[in-house]
Amino acid sequence: MDMALPLGLSIVDAHTHAFSPDVLDDRDLMIERDYWFGTLYRNPNALAVDANAVLASSEQSGISSTILCGFPWSDEGRCREENAYLARSAAASRGKLSWLGTVVPGDQHAAQDAEWCLQHGALGIGELNADGQAAPLEQRHVWDSLVEVMTSAQRPIMLHSSEPVGHDYPGKGTATPVRLVEWLTCYTELDVVLAHWGGGLPFFELMPEVHAVTRRVSYDCAASTYLYRFEVFSRVIDLVGAERVIWGSDYPVLKQGPFLRKSVAALRTDDERRAVLQDNAMRVYRMIDKVETK
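Predicted, not measured: the structure shown is a model, and the values here were computed from it.

A separate point is the side chain of His196. Inspection of the secondary structure assignment puts His196 in the loop between β6 (192-194) and α9 (208-212). By relative accessible area, His196 is classed as buried at 7%.

Now for the side chain of Ser61. Tracing the chain through its elements places Ser61 in helix α4 (residues 51-61). Look at Ser61 and you get buried, because its relative accessible area is 14%. There is a polar contact of 2.8 Å between the side chain of Ser61 and the backbone oxygen of Ser57. Within the structure, Ser61 has its side chain in polar contact with the backbone nitrogen of Gly257 (distance 3.3 Å).

Before going further, it helps to spend a moment on the sheet that holds strand β5 (residues 157-159). For sheets, the rule is that strands pair by backbone hydrogen bonds, running either parallel or antiparallel. On the basis of which strands lie adjacent, the open sheet formed by five strands has the order β4-β5-β6-β7-β8 and parallel pairing. Looking at strand neighbours, the two that pair on one side only are β4 (125-128) and β8 (245-246), the edges of this open sheet. In this sheet, strand β7 (residues 217-220) lies alongside β6 in parallel orientation, the contact comprising three bridges. Looking at β7, one finds that Leu194 is bridged to Tyr219. Against the sheet, helix α8 (residues 177-186) contacts β5, β6 and β7, and its axis sits at roughly 175 degrees relative to β6.

On the surface, a cluster of negative charge is made up of Asp22, Asp25, Asp26 and Asp28. You can see Asp28 is positioned in helix α2 (residues 27-33). Residue classification places Asp28 among the exposed residues on the basis of a relative accessible area of 60%.

The pLDDT averaged across the protein works out to 95; a share of 96% of its residues lies at or above 70. Confidence drops under a pLDDT of 50 for residues 289-294, and excluding neighbours within four residues, the segment shows five contacts in the predicted structure.

Here helix α12 (residues 270-284) spans 20 Å end to end across 15 residues, near enough to the 21 Å set by a 1.5 Å rise per residue. Maximum bend of α12: about 45 degrees, positioned at Val276. The buried fraction of α12 is high, at eleven of 15 residues. All of the buried residues along α12 are Glu272, Arg273, Ala275, Val276, Leu277, Gln278, Asp279, Asn280, Ala281, Met282 and Val284. Contacts made by the buried residues of α12 are with β1 (12-17), β6, β7, α10 (232-240), β8 and α11 (256-266). Phi for Arg286, located one or two positions after α12, is positive at around 50 degrees.

For the rest of this paragraph, the subject is the sheet that holds strand β2 (residues 65-69). As summarised here, the arrangement of the three strands in space is β1-β2-β3, forming an open sheet in which the pairing is parallel. Looking at strand neighbours, the two that pair on one side only are β1 and β3 (97-99), the edges of this open sheet. In this sheet, neighbouring strand axes are inclined to one another by 30 degrees on average, regardless of whether the strands run parallel or antiparallel. Bridging between β2 and β3 involves three bridges; their strand directions are parallel. Paired with Thr66 across the two strands is Leu97, which belongs to β3.

For helix α6 (residues 110-119), the set of buried residues is Ala110, Ala111, Asp113, Ala114, Cys117 and Leu118. The arc that holds every buried residue of α6, seen down its axis, measures 160 degrees, which confines them to one face. Of the exposed residues in α6, those oriented more than 90 degrees away from the buried face are Gln112 and Gln119. Phi turns positive one or two residues past the end of α6, at Gly121, with a value near 100 degrees.

As a rule of thumb, non-glycine residues mostly have phi less than zero, and peptide bonds are mostly trans rather than cis. Backbone torsion omega between Gly126 and Glu127 reads 10 degrees, so that peptide bond is classified as cis. Position of Glu127 relative to the elements: it lies in strand β4. Look at the link from Tyr251 to Pro252: it is a cis peptide, with omega at 10 degrees. Along the chain, Pro252 falls in the loop between β8 and α11. Of note, the phi angle at Arg94 is positive, near 60 degrees, even though the residue is not glycine. Topologically, Arg94 is positioned in the loop between α5 (76-91) and β3. Residue classification places Arg94 among the exposed residues on the basis of a relative accessible area of 81%.

Rules used in this analysis
Residues numbered from 1 in each chain as written. Predicted model: local features only at pLDDT ≥ 70, side-chain atom pairs only at ≥ 80, totals over all residues. Heavy atoms only, no water. Helix = DSSP H or I, 4+ residues; strand = E, 2+ residues; numbered from the N terminus. Buried < 20%, exposed > 50% of the residue type's maximum accessible area, 1.4 Å probe, protein only. Polar contact = N/O pair within 3.5 Å; in protein donor to acceptor, adjacent residues only side chain to side chain. Pairing = 2+ DSSP bridges. Contact = heavy atoms within 4.5 Å. Axes fitted to C-alpha atoms, helices over the stretch in contact; angles between N-to-C directions. Patch = residues over 30% accessible without salt bridge, like charges linked within 9 Å, V, L, I, M, F, W, Y side chains within 5 Å. Areas by Shrake-Rupley, 256 points an atom, 1.4 Å probe, with all protein chains shown as cover. Salt bridge = Lys/Arg side-chain N within 4 Å of Asp/Glu carboxyl O. Lys, Arg positive; Asp, Glu negative; His and termini not counted. Charge placed at Lys NZ, Arg CZ, Asp CG, Glu CD. pLDDT = per-residue confidence, 0-100. Expected span 1.5 Å × (residues − 1). Bend = angle between axes of the 7 residues up to and from the residue. Arc of directions from axis to C-beta.

Put into structure tokens, the structure is as follows:
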């Protein structure tokens, strides 16, 4: 059952996607040039929008602050162009939009471009995708220089995550818990946000050796409706704690308003709602210097 939005919260949608007008105008060309973009957007019914549309939807849905995630382009030049667009869009939003930069892990300029993003206001880097960017999680030389930049800056990387079982869908990928744990084991000082409930990784945190390497990991709930029943909120919170769950819609994949209302209903207490809908994103992405905690 839907619930009214909680009063007194500055709700953060920490996972949305926006593209520049150049990409939207040349959608057919981009589908042919970029494998992952083609995987997701070859279907003409797959909605792609610009930052203005994200902002309008957020305001209509009662969301105070929205993070625009970068797309996992396979070309570093396209990453730069879209990073510049996201930076401009956030700067023009009067604080309502923030952004994550995107780079190609393993590209010779990835670390330098990540630094540019952080210098121009990015809250982190993501949503990176091991499949879409030909960046195998088991190959450290692909990731080391980027992780070093992000660890030094104390800023997170958001990774696309994939369920090892269940139905297939465009963009599912192979970043399953076993691969994510191997990757996380190499980078225990890095703050990480695993999108889409980490492909189910929270359920393996009952294993002490898995929990040991996920202490700096948060999980977002992007596109949750397509993956799990809404019980997933309470189950994951019981396993890893409310402080490690971040609310994100994956708009325009999901409509923000309906998903937000159902998420509010799935969260059991005011403390859970405050943590998941507001405080955790603000803390992990350092959106404010200090989040009031009880």
